[in-house]
Protein chains: 2
Amino acid sequence: MRCEVLAVGTELLLGQVVDTNSAWIGEQLAAAGIDSHHQTKVGDNQARIVACIRAALARSDAVVCCGGLGPTKDDITREAIAEVLGVPLELDEEVAVRIEEMFSSRGRTMPVNNMRQAEVPKGAAVIPQVAGTAPGLICRLGDRSIYAVPGVPHEMREMVARAVIPDLVAQSGQAATIFSRTLRTWGLAESALDELLGPHMAELDRAHADGQPAPTIAFLASGIEGIKVRITAKAPTQDEAESLVAKVEAEVRALLGPAIFGADEVNMEAAVGALLASRGLSLGVAESLTGGLVGSRLTVVPGASEWFRGSLVVYASAAKRSLLGVSEGPVVREPAAIQMAVGAARVLDADVGLALTGVAGPSEQDGEPIGTVWVGLAGDAIGGPSAHRFSIGSRGSREQVRQIATISALDLLRRRLLGD
Amino acid sequence: MRCEVLAVGTELLLGQVVDTNSAWIGEQLAAAGIDSHHQTKVGDNQARIVACIRAALARSDAVVCCGGLGPTKDDITREAIAEVLGVPLELDEEVAVRIEEMFSSRGRTMPVNNMRQAEVPKGAAVIPQVAGTAPGLICRLGDRSIYAVPGVPHEMREMVARAVIPDLVAQSGQAATIFSRTLRTWGLAESALDELLGPHMAELDRAHADGQPAPTIAFLASGIEGIKVRITAKAPTQDEAESLVAKVEAEVRALLGPAIFGADEVNMEAAVGALLASRGLSLGVAESLTGGLVGSRLTVVPGASEWFRGSLVVYASAAKRSLLGVSEGPVVREPAAIQMAVGAARVLDADVGLALTGVAGPSEQDGEPIGTVWVGLAGDAIGGPSAHRFSIGSRGSREQVRQIATISALDLLRRRLLGD
């Protein structure tokens, strides 16, 4: 079973909006054991949308069209699908009523043009809208399927999970499932990972070639998220796929050791939070160049309130001195980093203090080049006050420097908590 | 002149990495007056990469292949392009030397497999690498062009701007340029914008149909960035395109008024920063549910240090009281929001205080439902202490609530600074 994704919208081609939808749909398809070999972006042009749908159905069993179901003039996915099917659009009374209710329930009168959303290709099955005003569509063309979902991410996700994936799985009839485990690493270059795991990967490739059930290993350079090592196995049952992956995972973990900070959805901040929680420690942060990035990432972790006290974003040097007790002199230095960490722990009444001070650019500071970052740590639980200097370099943007500084600081804290 | 983008990488199809590169390239193509009607993602499979390149060249004059130039086994874009061209791969001595120098300059020994990156299709022109180890490629197939650039965003951007766009423009020979202006709005629904601007858009469409030079207007629902109104004109010269857009922009601004917070790259935080700077005011922030998001967004604005003092991320209620002087009782309430704003301005020695407290979820707090946000303001310059309640609703994720809370708070401050 193969399914393509067609993201519709001129704004996607012009780069005004980044298409994150097809990546998310691709992930759901893979998890459901459905292959996706092509994903395409096309503009709000009916002839080209029609051509893309036909091309997709020539290569694959199904296509999910994402976007172009809105109320405005340039939303023409409904028309394009009707043309592919060779049927007219008809007003769906139930959908019309639901749209009107949606507006009245929010105490708003419905703009006339929203009624366009109630027009569906003749014979198409409607996926009732829950989150928004645009219904989804399920259409058959011989043994092929065309799905249409809104482009608004949370509306699309709800509809794909509720109706599209289940229908695709039912259509596929196949039993094979894909299971994969992603090991997240920080501190090793992709080529270094390749040399560590290369022999192992070659062995798996040979097994594959011999027709044996063997997982595959792939690297995903994820920038500020580090490099992910993805182990994927396809098997008749979930259990078989999982045990195939488990065996290889153990071998990879043995080879990479502490460079692995988490698995699957466990990112660096979640890994740090779990270590703090397991030891009953609380964390207070002081940030300068990252401007709140560390705090905002830590507070995304569910249950962060158990171990995260807060973060003092002291952008002005004066505030560093008055609030954190940083002494006079340059602030991008070891003593300042340590004083900030000690101050953060004290002011926020936390067991552990973490501080970042550095130069994000655009210009150098305190005679230090762009990309210089001092990370300070404080707390008896992690061996008392210390500081570490990172040279991130001026490659990449100011934002990249801030992002790399954030994960580097969290990784340093993680390794201290591990006693590494 | 038409150019497609082909993003190569199985990780893109599986949704493990979001393809932001083709959006960025699409933006550069549009700015250069080059149409891009299709952008495709394909996996690390040579036969499919070859088929996609051939399909792109059948529809368009050029294709930019992005990714698959790395040192590892699954990087096969070089091989695919060579197959399309019908030529062998040859080692490029200059590239090989440059790769070795790249490693030695960083005091590292080069992993053997990096030499694969020095192999280029016979007859291809090399785009020398600056940021990374992967060189780019410019290949001709009759009157068509195939470009290859790395998938690492900052390496790709540098190479596309330096070599690909200039070559495309030279190849196109055409004089027509596209100019567009994006007006950013917050507070109006897409259908409301459509009804305000609809008649105007219809008029422009008619002018277009009559063959007159007329700009087009498009809406871009950009989620937490609000809704963008993009005015685009194509004309023989930059000046003509700009004056066509300027006329329509004035009309749109008159129709939408203060809902427009910025244009083009001016986002909400930049708009707020410009207002503060123009009035010589400094800002201090206190954040609870947003955990540092407000501070991290404000500090992305160049020159933020002129007007941004800092942000006190007080996640623990105890810290709200000890640090900001918030009195006992529920913290998701008007008094707490005002006390936090006043406290932030006092502690950070700022003219204006902005505070956010609310419920991001997953569970309710202080008897308030998920999505309830109180924004507090303080400072004589903006009419003294005040607070405003937002009900963002529990639709969407915890992260969406935090993001919407952030821009809503900044928009409230913006309108206060405008005396709106």
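It should be noted that the structure appears before, not after, this text.
Residues numbered from 1 in each chain as written. Chains lettered and ligands numbered in written order. Predicted model: local features only at pLDDT ≥ 70, side-chain atom pairs only at ≥ 80, totals over all residues. Heavy atoms only, no water.

> Even after reading the chapter, I still don't get the packing of helix α3 (residues 46-59) of chain B against helix α4 (residues 77-85) of chain B, so can you show me in this structure?
Residue and element names in this part refer to chain B. Contact geometry of α3 with α4 gives a least axis separation of 9 Å together with a crossing angle of 55°. Our classification of the angle between α3 and α4 gives oblique. Of the two elements, α3 crosses α4, and the hand of that crossing is right-handed. For the pair α3 and α4, the contacting residues are Gln 46, Ile 49, Val 50, Ile 53 and Arg 54 in the first and Glu 79, Ala 80, Ile 81, Glu 83 and Val 84 in the second. (Axes fitted to C-alpha atoms, helices over the stretch in contact; angles between N-to-C directions. Helix = DSSP H or I, 4+ residues; strand = E, 2+ residues; numbered from the N terminus. Parallel < 35°, antiparallel > 145°, perpendicular 65-115°, else oblique. Left-handed = near helix turned anticlockwise from the far one by under 90°. Contact = heavy atoms within 4.5 Å.)

> Hey, could you run me through the pairing of strand β16 (residues 372-378) of chain B in this one?
On a regular strand, each side chain points to the face opposite its neighbour's, so the side chains alternate between the two faces of the sheet. All names here are of chain B. With 7 of 7 residues buried, β16 lies mostly within the body of the structure. Residues of β16 alternate between two faces, with Thr 372, Trp 374, Gly 376 and Ala 378 on one and Val 373, Val 375 and Leu 377 on the opposite face, all of them buried. Inspection of the sheet shows strand β15 (residues 352-358) paired to β16 by 6 bridges, in the antiparallel sense. Bridge pairing links Leu 354 to Leu 377 in β16. In terms of strand pairing, β16 meets strand β17 (residues 386-391) through 6 bridges, oriented antiparallel. Bridge pairing in β17 places Thr 372 opposite Ser 391. (Buried < 20%, exposed > 50% of the residue type's maximum accessible area, 1.4 Å probe, protein only. Pairing = 2+ DSSP bridges.)

> Teacher, can you tell me more about the pattern of salt bridges here?
Working definition: two side chains of opposite charge can pair if their charged atoms are close together. Counted by the stated rule, this structure contains 42 salt bridges over all chains. Where A:Glu328 meets A:Arg321, a salt bridge forms, and the shortest distance between an N and an O atom there is 3.6 Å. Judged by relative accessible area, A:Glu328 falls into the exposed class, the value being 67%. The partner of B:Lys247 in a salt bridge is B:Glu251, and the shortest N-O contact between them spans 3.3 Å. You can see B:Lys247 and its partner B:Glu251 sitting in helix α8 (residues 238-256), 4 residues apart, about one turn around the helix. (Salt bridge = Lys/Arg side-chain N within 4 Å of Asp/Glu carboxyl O.)

> Explanation requested: the side chain of B:Gln129 in the structure shown.
All names here are of chain B. Relative to the elements of secondary structure, Gln 129 occurs in the loop between β6 (125-127) and β7 (136-141). Under the relative-accessibility criterion, Gln 129 is labelled buried at 4%. A polar contact is formed between the side chain of Gln 129 and the side chain of Arg 98, at a distance of 3.3 Å. If near-sequence neighbours (up to four positions away) are discounted, Gln 129 is found in contact with Val 95, Arg 98, Ile 99, Met 102, Ala 134, Pro 135, Met 159 and Arg 162. (Polar contact = N/O pair within 3.5 Å; in protein donor to acceptor, adjacent residues only side chain to side chain.)

> Please clarify how the sheet that holds strand β10 (residues 216-221) of chain A should be interpreted in this entry.
Sheet strands line up and pair through hydrogen bonds in the backbone, either parallel or antiparallel. Residues and elements named next belong to chain A. The strand order across the open sheet built from 4 strands is β10-β11-β9-β12, with neighbouring strands paired in antiparallel fashion. The open sheet has two edge strands, β10 and β12 (260-263), and neither has a second partner. The sheet shows a mean angle of 25° between the axes of neighbouring strands, taken without regard to direction. The pairing of β10 with strand β11 (residues 227-235) spans 6 bridges and is antiparallel. Looking at β11, one finds that Ile 217 is bridged to Ile 231.

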